[in-house]
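# A look at the structure
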Amino acid sequence: MSLDYGNLCSVILKQYFGEVVQIVGDCLFVANWRTLYNIVKTTKLTRREVCKALAVLFKYQLVSFRPSNFNPNVAEYLLNRDEVLYVVRYARYVHRMQMEYGNIGSFICEEILHNGSQTGTSLMLKYLADANEKEKIETVRDIFVRMISANYLIKLPKLVQAERSETVAVPKLHIDVDDLFNPPNIDLSLLAKIRTGVIPLSHAGDSDTLWQINFSRFHQDFRDSVMIGAIERKMGSSAAECFQYILKQMYERTDPWQRVNDNLQQISNPFTVAEIKQLLLKNSKNFDLMTNLEQYITLIADDSLGFIRKIGEMGSGQYVVDLSQAFEELTLCCIENIITERFGSKASRIFRVVRMKKYIEQEDLQKEAMIPAKEAKLLSYNLFQEQFLQIKSIRKPGGGGAAAKAFFLFHLKHLQIVTMLLDICYKALYNDITRSNYEKVEHKRLIDKNQKLDSIVATMKERGESEDYIAEILETLTPPEREILEKVKNRIKILSKAELTIDDNIFLLQMYMHHCSHLPTAASAAK
């Protein structure tokens, strides 16, 4: 992991969990595995403070532990570095559940994210206690079970009980793979008794079963939305809906997070047009899509994005989804846009020519790009200096004692460019969060004063106070203060939008790293 990512993790941990957790997180970030004694010695914190910080990190699944290789009676701790970034996406996870399951789904998701993990009974009781409208217990239970069935929630492993003759200093956690998404048996009559206070919550049947958010399932949805959005912008809504059903059919037979290996290109298991047609007849009301399904699939297959490709004629046409090709094209489009913003359209044209030709000399590059020699040389070396282009030298020995000739060819190293851009995005996100925190701290007094005024005015309106009296109260915030407050709000709003945009770019680049490289990623580790 890079230094920029370390700084980003540090500021995220401090913003959400406090300074002590940040210090412990920084200590774990720079090492693979550390014991409690090692952490205490390195951080200069008390043993009690370190234990509390580790408990917080473990509660939110940001740290793992195992028995030490040198002493099985001592635990070692590891920071789950990739998952620290997920904290920034909490709002996106909640919004996804709001779109899919409404208020109940968003409440369940938000409650689990806020607490790290929860039992099904406590989640339902909290929602029923907080809901303004009368909700049926059956409705809340059904949505909770649907979220588990759709793999949005995953069961936490349970503590393995040691035998009487066995002494275990480091606890062991275990859960069967088949039990990860097995919904609990919730007794509604028992739940009603707990709700009325007849029996305590500890008597619930699922009191020992905790649920957490399955981040890989959310990222699968985000990945699908990136591809579907690209097709919709290029080919229209019907083609996007067609590809949505193609992905749905793909997941019936293919692991969503399969990776490239040395012998096999990353493609899905085959699907046929007939299978997609049956899926459309059951679920879709788009008459245009059902009528012209084969044409839409052919259009997607023939497009330069290369999301799918034809491999046979069985079942009116047999196709496969190529996620590796899809994210390579999407990422290269993103890189071209970055180059256009930083260096202009001509530099982007040079990048496309090098990408198309694989290896090309300076003289041929300026001819192919149709750019004047001086300008092409300046732009190509600017791209080289910023590591968007690489130069490979080839030396040809001269005959008859003549001097050796050297050829300098421009080419691309996709993985190196993506790694560089990821570091830039991490640094930009760190700067964004740091600046936003600075604005909030610098104008804390003014923000708190405005919030107090808003709560007072809301209370006065409920009591039916006169408008003149309310206006008089509002005047306690002077015009200069209002002007400063408005500027601060606008700056924080712009920074929040920038944070979402940067995270979108990070997600796209991470998907490239997962699908188009052999390097270990968070998705493969979670699987």
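Residues numbered from 1 in each chain as written. Predicted model: local features only at pLDDT ≥ 70, side-chain atom pairs only at ≥ 80, totals over all residues. Heavy atoms only, no water.

You'll find the protein entered in an unreviewed UniProt entry as DNA-directed RNA polymerase III subunit RPC3, with Glossina pallidipes given as the organism. Here the protein is described in UniProt, under the heading Subunit (unreviewed entry), as follows: "Component of the RNA polymerase III (Pol III) complex consisting of 17 subunits." Per UniProt, the protein has the following entry under Subcellular location (unreviewed entry): "Nucleus". (UniProt positions renumbered as here; feature names shortened; annotations may be inferred.)

## Regarding the pattern of salt bridges
A complete count under the given rule lists 28 salt bridges for this structure. For E386, the salt bridge is made with R342, and the minimal N-O distance between the two is 3.1 Å. Remark: R342 occurs in helix α15 (residues 323-343) and E386 occurs in the loop between α18 (373-385) and β12 (390-396); sequence separation between them is 44 residues. Of the residues examined, E386 reaches a relative accessible area of 31% and is grouped as partly exposed. For R342, a relative accessible area of 42% gives the class partly exposed. Here the salt bridges share partners, and the residues they tie into one network are R89, R92, D503 and D504. (Salt bridge = Lys/Arg side-chain N within 4 Å of Asp/Glu carboxyl O. Helix = DSSP H or I, 4+ residues; strand = E, 2+ residues; numbered from the N terminus. Buried < 20%, exposed > 50% of the residue type's maximum accessible area, 1.4 Å probe, protein only.)

## Let's talk about the sheet that holds strand β3 (residues 75-79)
The pairing of strands in a sheet happens through backbone hydrogen bonds and is either parallel or antiparallel. With antiparallel pairing, 3 strands are arranged side by side in an open sheet as β1-β3-β2. Whereas interior strands pair on both sides, the edge strands pair on one side only; in this sheet they are β1 (34-35) and β2 (63-67). Pairing geometry for β2 and β3, over 5 bridges, is antiparallel. Its bridge partner lying in β3, S64 is registered against L78. Those strands touched by helix α2 (residues 19-29) are β1, β2 and β3, and its axis lies near 95° from that of β3. (Pairing = 2+ DSSP bridges. Contact = heavy atoms within 4.5 Å. Axes fitted to C-alpha atoms, helices over the stretch in contact; angles between N-to-C directions.)

## Concerning the domain arrangement of the protein
Domain assignment breaks the protein into domain 1 (3-79), domain 2 (82-213), domain 3 (218-303), domain 4 (326-412) and domain 5 (418-524). The straight-line distance from the C-alpha centre of domain 1 to that of domain 5 is 28 Å. With 7 residues of domain 1 at the contact, the number on the domain 5 side is 8 residues. Carbon and sulfur atoms make up 72% of the surface buried where domain 1 meets domain 5, a total of about 710 Å² over both sides. When the area that domain 1 buries against domain 5 is broken down by residue, the three leading residues are D4, L8 and V11, summing to 58%. At the boundary of domain 1 with domain 5, the tally comes to 0 salt bridges. Where domain 1 meets domain 5, there are 0 residue pairs in polar contact (both at pLDDT 80 or more). Along the lines of polarity and charge, the residues of the side of domain 1 that touches domain 5 split into 4 nonpolar, 2 polar and 1 charged. (Domains from an automatic or database assignment. Buried area = accessible area lost by both parts, 1.4 Å probe. Polar contact = N/O pair within 3.5 Å; in protein donor to acceptor, adjacent residues only side chain to side chain. Nonpolar A, V, L, I, M, F, W, Y, C, P; charged D, E, K, R; others polar.)

## Observations concerning unusual backbone geometry
With a phi angle near 55°, Q61 is a residue other than glycine that sits in the positive phi range. By secondary structure assignment, the location of Q61 is in the loop between α4 (47-59) and β2.

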